[in-house]
Amino acid sequence: MMNVINTPKLSTQNLRSGEKVLKQFKQEFPYLRSNTRINLELFNHKDNENITSLTPKLKGRASMTGFKIYMMRQQYASAKDKIGFLTSAVKKEKSANCAECAILMHDKLAQNGIKSQNVRLNIQNNVDKSNRNHAFTVFGLDKNANISKPHTWGKNAIIVDGWANIAKKAQEGVKYLKQLFQLNTKEETCVFEPFRNI
């Protein structure tokens, strides 16, 4: 059982614990297809001619993967053993979006004796009112942490994200995710909230 210690000197220990659990996660789920990841990469590389030629094929793969995940989520809703079902389904389909990864990461951390919280990052466009979101897991939170305010999470907080394949100190992880999703600070606002379920 790994202990998460909440003292500034030991934030490195928390990071190592996060890296260890991420490695376990990747060993259990070595390659996961994600329609949201494919679509994000297409968006982030829309001006790259090498990617543009592959766009139809990648959009088809995203659509097929999205359907598999949709069907998984329908069955997950009525499953009695939700973690058992999700683990089996993700392994069978080799597909998961960030929500599935966050739920499974939360369970993997618990198996290692680490209390964690799943978080949803909502990116709200203030111009066209569209919304993008991402789920991830954080642990080592300060006792007075407010999930909606990442600056309160504390120096020992670690983001572990199986979808983004990262284990980072929380503030570095938030910055990384904003860059990954190409946050436009002129038009978009980030809102953090607890993530409970698919």
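Residues numbered from 1 in each chain as written. Predicted model: local features only at pLDDT ≥ 70, side-chain atom pairs only at ≥ 80, totals over all residues. Heavy atoms only, no water.

Asks: Got a minute to help me understand the overall build of the protein chain in this structure?
Replies: Each helix and strand counted, the protein chain has seven helices and five strands in total. Sequence-ordered secondary structure for the protein chain, helices as α and strands as β, is α-α-α-α-α-α-β-β-β-β-α-β. For the protein chain, the C-alpha atoms occupy an extent of roughly 50 × 45 × 30 Å along the three principal directions. Put simply, the protein chain has 198 residues, and 42% of those count as buried. Pairs at least 24 residues apart make up 61% of the contacts formed inside the protein chain by residues separated by at least 6 positions. In the protein chain, 32 positive and 16 negative side-chain charges are present, and the distance between their average locations comes to 4 Å. (Helix = DSSP H or I, 4+ residues; strand = E, 2+ residues; numbered from the N terminus. Buried < 20%, exposed > 50% of the residue type's maximum accessible area, 1.4 Å probe, protein only. Contact = heavy atoms within 4.5 Å. Lys, Arg positive; Asp, Glu negative; His and termini not counted. Charge placed at Lys NZ, Arg CZ, Asp CG, Glu CD.)

Asks: Sorry, what's going on with the nonpolar core here?
Replies: Within soluble globular proteins, side chains that are nonpolar generally end up buried alongside one another. V90, F136, W153, I159, W163 and L177 are the most contacted members of the largest nonpolar core, which has 48 residues in total. Among the elements that take part in this core, helix α6 (residues 98–111) stands out by supplying eight residues, more than any other. Each residue touching F136, except ones within four places of it in the same chain, is listed here: A102, Q117, N118, V119, L121, W153, I159, D161, L177 and F192. (Core = buried A, V, L, I, M, F, W, Y, C linked by side-chain atoms within 4.5 Å.)

Asks: Would you mind showing me how to read the packing of helix α4 (residues 55–78) against helix α5 (residues 82–93) here?
Replies: The description of two packed helices rests on the angle between their axes and on the distance between the axes. The contact between α4 and α5 brings their axes to 9 Å, and the two run at 160°. Put simply, α4 runs roughly antiparallel to α5. Between α4 and α5 lies a crossing of right-handed hand. Taken together, the residues of α5 that come into contact with α4 (itself represented by K68, M72, Q75, Y76, A77 and S78) are K82, F85, L86, A89, V90 and E93. Class assignment for the residues of the contact of α4 with α5 results in seven nonpolar, two polar and three charged. (Axes fitted to C-alpha atoms, helices over the stretch in contact; angles between N-to-C directions. Parallel < 35°, antiparallel > 145°, perpendicular 65-115°, else oblique. Left-handed = near helix turned anticlockwise from the far one by under 90°. Nonpolar A, V, L, I, M, F, W, Y, C, P; charged D, E, K, R; others polar.)

Asks: Which parts of the structure should I look at to understand the packing of aromatic side chains?
Replies: For any pair of aromatic rings, the description consists of the separation of the ring centres together with the inter-plane angle of the planes. Per the stated rule, a full pass over the model turns up four aromatic pairs. With centroids separated by 6.4 Å and ring planes inclined at 50°, the aromatic side chains of F136 and W153 adopt a geometry described as tilted. On the criterion of sequence distance, the pair formed by F136 in strand β2 (residues 131–139) and W153 in the loop between β2 and β3 (158–161) is long-range, its members being 17 residues apart. Ring geometry for W153 and F192: centres 5.9 Å apart, planes at 85°, overall edge-to-face. Remark: F192 occurs in strand β5 (residues 188–194) and W153 occurs in the loop between β2 and β3; sequence separation between them is 39 residues. Here a set of aromatic residues connected by ring pairs shows up, and it is made of F136, W153 and F192. The cationic tip of R37 hangs over the ring face of W163; the distance from NZ or CZ to the ring centre is 4.9 Å. K46 extends its terminal NZ or CZ atom over the ring of F43, reaching a point 4.0 Å from the ring centre. (Phe/Tyr/Trp six-rings, centres within 6.5 Å; stacked < 30°, edge-to-face > 60°. Lys NZ or Arg CZ within 6 Å of the ring centre and 35° of its normal.)

Asks: Looking at this model, I keep getting lost on the pairing of β3. Mind explaining?
Replies: In the case of a regular strand, side chains alternate between the two sheet surfaces. Burial of the side chains of β3 extends over both faces: I158 and V160 are buried on one face and I159 and D161 on the other. Relative to β3, β2 runs antiparallel, the two sharing three bridges. Residue pairing for β3: T137 is matched across the bridge by V160. Linking two consecutive strands that pair antiparallel, namely β3 and strand β4 (residues 166–169), is a turn of four residues; a positive phi of about 60° is found at N165 within it. (Pairing = 2+ DSSP bridges.)

Asks: How should I be thinking about the sheet that holds β3 in this particular structure?
Replies: Strands in a sheet are paired, the pairing made by backbone hydrogen bonds, and the direction either parallel or antiparallel. Taken in spatial order, the five strands make up an open sheet running β4-β3-β2-β1-β5, and their pairing is antiparallel. Unpaired on one side and paired on the other, β4 and β5 mark the two borders of the sheet. The average angle at which neighbouring strand axes cross in this sheet is 30°, direction not considered. Pairing analysis gives four bridges linking β3 to β4, with the strands arranged antiparallel. Within β4, the position partnered with V160 by the bridge is A167. Contacts from helix α7 (residues 170–180) reach β1 (116–125), β2, β3, β4 and β5 within the one sheet, and its direction differs from that of β4 by about 125°.

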